[in-house]
Amino acid sequence: MTTTAITNIGSLVTNDPSVGDGSPLGLIENAAVVIDGDTVAWVGPAAEVPAADEAFDAHDRAVIPGFVDSHSHLVFAGDRTAEFNARMSGRRYSAGGIRTTVAATRAATDAELEANLLRHLHEARRQGTTTFETKSGYGLTVADEARALRIAAAHTEEVTYLGAHIVPPDHADDPAGYVDLVTGEMLAACAPYARWVDVFCEEGAFDGDQARAILTAGAAAGLIPRIHANQLSHGPGVQLAVELEAASADHCTHLSDADVDALGQAAATTVATLLPGAEFSTRARWPDARRLIDAGATVALSTDCNPGSSYTSSMPFCIALAVRDMRMTPDEALWSATAGGARALRRGDIGVLTPGARADLALLDAPSHVHLAYRPGVPLVSAVWQHGVRAS
């Protein structure tokens, strides 16, 4: 198996506090990384790098773990430019906009949905994303939800069943019947393709009792719960996530002191995943990351890439937003976009650069990871290795 040494790294982020400067980022200056196949074999000072079959000179630039995007909605068709334009002209966002994408997605062919998914994956990878989670939720029929997950599962192991995105128009008069479908026939058809089960617990979507029934049924089918919680208003989502030991409570925009305390106490099991692209694209209130971090919560950052409320695939952009508007430090934001995302997916092999981890990393055209927030909007990712293979 071929080994590759990436040498002359000016600043290496390992996310291993036992090495380097001892910080959560485990920064090593003047560093090197050795890749063996698809795995990190060695990290350390460049002066001590072992021999390898091939070498790549980083020219004193920074290397970071590949971004872990733990929340996205990439199996869809259609365009919602008109909705975005109207919202930027003063219309308030609501969950109802999802119905536009549902109609377009149902009308699309499998080939069209897969081509759109791949376009967004390639776009994200060019910006340093090496692991992504994605959801169904734009079909909302048994057949359409199952095919969305089947298409997604061909390209990532992190697939989420989100039949409970909204109640579709064809069930508008029978939401209880739709919950029965989501927890019954639809779940049975979708579970073989998914690892996770999710629900949009929000006014206009699913209430706390409905969300509990959906997540409990998913768990009984072998899926791990995660939840869209407290995005548009305060609700029961965060408390339900903690109670059910969901892997993540996502959005976490409107939190009470009790919610923050609960996420702090559940830091080992339930990650607070913050999605600043949604607040940026809807002019909504920003989540208070500082409040969560100070309470001891584990925080992840993700794009929420979707055609309606957060149409960005850029993790660097989300890092810049988190630092500027959510009171995170550059170090915290990078950790949350890498190791934090891995925690939200309950993975220990990604989001870190340590021996035995998957060889997913990004080379920045900058001397430090701080430039991700310092130079917002600048395409700083100059090379990406995914599973040990240089992908860009």
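Up top is the structure.
Residues numbered from 1 in each chain as written. Predicted model: local features only at pLDDT ≥ 70, side-chain atom pairs only at ≥ 80, totals over all residues. Heavy atoms only, no water.

Here we come to the packing of helix H3 (residues 110-126) against helix H4 (residues 142-153). Two elements in contact, H3 and H4, have axes whose closest approach is 10 Å; the angle formed by their N-to-C orientations is 45°. The pairing of H3 with H4 is recorded here as oblique in orientation. As H3 packs across H4, the resulting crossing turns out to be right-handed. Where H3 approaches H4, its residues Asp110, Leu113, Glu114 and Leu117 are matched on the opposing element by Arg147, Arg150, Ile151 and Ala152. Of the residues in the contact of H3 with H4, the class split is 4 nonpolar, no polar and 4 charged. (Axes fitted to C-alpha atoms, helices over the stretch in contact; angles between N-to-C directions. Helix = DSSP H or I, 4+ residues; strand = E, 2+ residues; numbered from the N terminus. Parallel < 35°, antiparallel > 145°, perpendicular 65-115°, else oblique. Left-handed = near helix turned anticlockwise from the far one by under 90°. Contact = heavy atoms within 4.5 Å. Nonpolar A, V, L, I, M, F, W, Y, C, P; charged D, E, K, R; others polar.)

To continue, consider the environment of Leu334. Residue position: Leu334 is located in helix H13 (residues 330-344). Judged by relative accessible area, which is 1%, Leu334 ranks as buried. For Leu334 and Leu25, which are 309 residues apart along the polypeptide, the C-alpha to C-alpha distance reads 8.5 Å. (Buried < 20%, exposed > 50% of the residue type's maximum accessible area, 1.4 Å probe, protein only.)

With their axes 9 Å apart at the nearest point, helix H12 (residues 315-325) and H13 run at an angle of 140° to one another. With respect to H13, the axis of H12 lies oblique. Seen along the crossing, H12 lies across H13 with a hand that is right-handed. For the pair H12 and H13, the contacting residues are Met315, Ile319, Ala322 and Val323 in the first and Pro330, Ala333, Leu334 and Ala337 in the second. The class makeup of the residues in the contact of H12 with H13 is 8 nonpolar, no polar and no charged.

Alignment of strand S1 (residues 3-12) against strand S5 (residues 62-65), held across 2 bridges, turns out to be parallel. Across the sheet, the residue bridging to Leu12 is Val63, located in S5. Where S5 and strand S15 (residues 361-364) come together, 3 bridges link them in antiparallel fashion. Bridged to Val63 within S15 is Leu363. (Pairing = 2+ DSSP bridges.)

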